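Fold and geometry: a report
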Amino acid sequence: MCSSDLTPGGGSGISTVTPSIQIQGAFSGSAASGAPALAGPLTLTEAVRRGVEYNLGALNLGALVTQAQGQRTAARSALLPNISGDLSMVRQQINLAAMGFRFSLPGNAFSLPSIVGPFNQVDVRARLSQALFDRVALNNYRAASETARAAELSVQDANDAVVLAVSGAYLDVIAARARVDAVRAQLDTANALLRQTQQRRDAGLAAQVDVGRSQVQALTQQQRLTTAQNDYAKKKIALARLVGLPPTDGYDVGADVPFAAAPPVPLDTALKQALDTRADLQAAQAQVRAAERAVSAAHAAHMPTASVSADVGTIGGTLPDSRATFSVAGRVHVPLWSGGREEGASQQAQAALQQRRAELIDLGGQVESDVRRAYLDVQAAASQIDVAVRNQEVAGETLTLTRQRFDAGIADSVEVVQAQEAVAGAVLDYINSVFAHNLAKVTLARSMGLSAERLAEFLRVAP
């Protein structure tokens, strides 16, 4: 969901490493019917809260948790007593002759009737069955429990991913707003320079070509402002889709997130914390345990099972005439041969276990890779900010001196335009660097498995 690429830094000739958030699938939408309206500007904390609550990706995984919990409950039922009650009322007439019963004395002195009834039978009965020893059912329940736990951890990991996506989109909106303000300031400067150049032309101190250059510069800045405003509006719409707001740009965003040094977390500590707390890694571990239980269940299919069943009730022609009856039965089932079904199930379970273990090993490497990359991005972005600050200072001083030279008639408008472009590029470089640093800190928190809990600490914003 997060990647880094090289993008030109606003025309200053400096390339800045600018990470970006790639949001795909259900995570790019939300389901917020009945969500409360936004009161005031959207802050980062409120955006994260709404994202976790309404983002469609996390909601879809919540349904999978409910399904896994239902499977666990169904597996547990095989280990618990099954109790049922029956009430039957029968009125019947029997043809004994049709069943082969023919009774008669010699000479037909006496014979039983071939038709018996009609008569009534009332049976009220409670039944109980309980597995006493069933290793298959026990391991199936343990496997289902681990699967449900893995699903719950997957939802937690999805929430962390939502925090990263929403935070990245929010920071992107803040950066886009800063770019709009920067370009607007450059437009004001370009217009001021155009007015100054026109005045100098009217006074005979500048040529018409200088006015043309200044006018082109002002029009260029106007075009850049339109593009920046359009980009800002589209980023606000994308953020609204993530957090369950109406898909418009008609809302305000909170204060800027300025540069602040990252928390002093050593790399070894960050790696250990990630391996201990990452929800996706814990979910993969639970999946391995579930596969191990499935293998145990497949092996236990060769073992005997023991169960007991009992019933108690009353039976008679009518309820007042009923008499109590009961029965208790024990059963031991010993599987001898089932045509290789158990062997096939065992092979399938072993293959699934090997796959889960391979995925766990790969994910462990991915976790370490995520932490190291985020750590490098934080360091690189912090270094970029130092350079961008100095570059901004130098470009500003150069523009001031160049305008003084222009006022004195020593320099022409070409130098002023170039110095102005350098200032614009330096400002955008600084904005991009702050955005990259903030996003790298959020990514580091996500890679350590601490997105929601440590977001305010990593960005140094009010919780």
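Below, the structure is looked at part by part.

Thresholds, definitions, all that
- Residues numbered from 1 in each chain as written.
- Predicted model: local features only at pLDDT ≥ 70, side-chain atom pairs only at ≥ 80, totals over all residues.
- Heavy atoms only, no water.
- Helix = DSSP H or I, 4+ residues; strand = E, 2+ residues; numbered from the N terminus.
- Rg over C-alpha atoms; globule rule 2.2 N^0.38 Å.
- Buried < 20%, exposed > 50% of the residue type's maximum accessible area, 1.4 Å probe, protein only.
- Contact = heavy atoms within 4.5 Å.
- Areas by Shrake-Rupley, 256 points an atom, 1.4 Å probe, with all protein chains shown as cover.
- Lys, Arg positive; Asp, Glu negative; His and termini not counted.
- Charge placed at Lys NZ, Arg CZ, Asp CG, Glu CD.
- Salt bridge = Lys/Arg side-chain N within 4 Å of Asp/Glu carboxyl O.
- Pairing = 2+ DSSP bridges.
- Axes fitted to C-alpha atoms, helices over the stretch in contact; angles between N-to-C directions.
- Phe/Tyr/Trp six-rings, centres within 6.5 Å; stacked < 30°, edge-to-face > 60°.
- Lys NZ or Arg CZ within 6 Å of the ring centre and 35° of its normal.
- Arc of directions from axis to C-beta.
- Core = buried A, V, L, I, M, F, W, Y, C linked by side-chain atoms within 4.5 Å.
- Polar contact = N/O pair within 3.5 Å; in protein donor to acceptor, adjacent residues only side chain to side chain.
- Patch = residues over 30% accessible without salt bridge, like charges linked within 9 Å, V, L, I, M, F, W, Y side chains within 5 Å.
- Parallel < 35°, antiparallel > 145°, perpendicular 65-115°, else oblique.
- Left-handed = near helix turned anticlockwise from the far one by under 90°.
- Expected span 1.5 Å × (residues − 1).
- Nonpolar A, V, L, I, M, F, W, Y, C, P; charged D, E, K, R; others polar.

Scanning the chain for helices and strands turns up nine helices and six strands. Its C-alpha atoms give the chain a radius of gyration of 38 Å, more than 25% over the compact-globule value 23 Å for 463 residues. Expressed along its principal axes, the backbone C-alpha trace of the chain runs to roughly 155 × 45 × 35 Å. A buried classification covers 37% of the 463 residues belonging to the chain. Across the chain, the fraction of contacts at a sequence separation of at least 24, relative to all contacts at a separation of at least 6, is 79%. Put simply, the chain shows about 24300 Å² of open surface, and 57% of that area lies on carbon and sulfur atoms. Averaging the positions of the 41 positive and the 42 negative side-chain charges in the chain gives two centres separated by 7 Å.

The next thing to look at is the pattern of salt bridges. One pass over the structure, following the stated rule, counts 25 salt bridges. Among the ionic pairs, Glu415 bridges to Arg405, the shortest N-O distance being 3.6 Å. Here Glu415 is found in helix α8 (residues 413-447), whereas its partner Arg405 is found in helix α7 (residues 341-407), with 10 residues between them in sequence. A relative accessible area of 36% means that Arg405 is categorised as partly exposed.

Strand order in the open sheet formed by four strands is β3-β4-β5-β6, with antiparallel pairing between adjacent strands. Here the strands that pair on one side only, and so sit at the sheet edges, are β3 (82-95) and β6 (323-333). Neighbour to neighbour, the strand axes of the sheet diverge by 20 degrees on average, direction disregarded.

Our focus in this paragraph is the packing of aromatic side chains. Aromatic ring pairs are defined here through the distance separating the ring centres and the angle between the ring planes. Scanning the entire structure with this criterion turns up zero aromatic pairs. In this arrangement the basic side chain of Lys236 is found over the ring face of Tyr251, its NZ or CZ atom lying 4.9 Å from the centre.

This brings us to the environment of Thr43. You can see Thr43 is positioned in the loop between β2 (15-21) and α1 (44-54). As a C-alpha pair, Thr43 and Gly254 span 211 residues in sequence and 4.7 Å in three-dimensional space.

Within α1, burial applies to Leu44, Ala47, Val48, Arg50, Gly51 and Tyr54. Axial view of α1: buried residues confined to an arc of 165 degrees, hence all on one face.

Time to look at the nonpolar core. Residues Val166, Tyr170 and Leu239 are the most contacted members of the largest nonpolar core, which totals 46 residues. Among the secondary structure elements, those contributing two or more residues to this core are α1, α3 (135-202), α4 (208-243), α7, α8 and α9 (451-459). The biggest single contributor to this core is α3, with 16 residues. Core analysis: the next-biggest nonpolar cluster, separate from the first, contains 18 residues, Ala270, Leu271, Leu281 and Met448 among them.

Now for the side chain of Ser214. One can find Ser214 in helix α4. A polar contact of 3.1 Å, which involves the side chain of Ser214, links it to the side chain of Thr197. Here Ser214 is in contact with Leu193, Leu194, Thr197 and Ser413, once residues within four sequence places are set aside.

Moving on, we get to a nonpolar patch on the surface. A surface patch of nonpolar side chains, about 440 Å² in accessible area, is lined by Leu87, Met89, Val124 and Leu319. Checked against the element boundaries, Leu319 lands in the loop between β5 (305-316) and β6.

Note on placement: Gln420 falls in helix α8. When sequence neighbours within four positions are dropped, the list of residues in contact with Gln420 reads Gln186, Thr189, Ala190, Leu193, Gln217 and Leu399.

Of the residues examined, Gln420 reaches a relative accessible area of 1% and is grouped as buried. In sequence terms Gln420 and Leu401 are 19 residues apart; their C-alpha atoms lie 11 Å from each other.

In the sheet, strand β4 (residues 115-133) pairs with β5 via 11 bridges, with the strands oriented antiparallel. By the bridge assignment for β5, Val122 is matched with Gly316. In this structure, β5 lies alongside β6, joined through 11 bridges in antiparallel fashion. In the sheet register, Ser307 faces β6, and the bridge partner there is Arg331. Adjacent in sequence and paired antiparallel, β5 and β6 are bridged by six residues.

Two elements in contact, α3 and α7, have axes whose closest approach is 12 Å; the angle formed by their N-to-C orientations is 15 degrees. Taken together, α3 and α7 sit at an angle that is classed as roughly parallel. Crossing of α3 over α7 shows left-handed handedness. Between α3 and α7, the contacting residues are Thr189, Leu193, Gln196, Thr197 and Arg200 on the first element and Arg403, Phe406 and Asp407 on the second.

With 67 residues, α7 should cover 99 Å at 1.5 Å per step; its first-to-last C-alpha distance of 94 Å lies within 8% of that length. Gly409 lies just past α7 and shows a positive phi near 80 degrees.

One can describe the packing of α1 onto α3 by two numbers: an axis separation of 9 Å at closest approach and a directional angle of 140 degrees. Judged by the angle between their axes, α1 and α3 are oblique. Pair α1 / α3 crosses with right-handed handedness. Within the contact between the two elements, α1 uses Leu44, Ala47, Val48, Gly51 and Val52 and α3 uses Asn159, Val162, Val163, Val166, Ser167 and Tyr170. When its residues are assigned to classes, the contact of α1 with α3 shows eight nonpolar, three polar and no charged.

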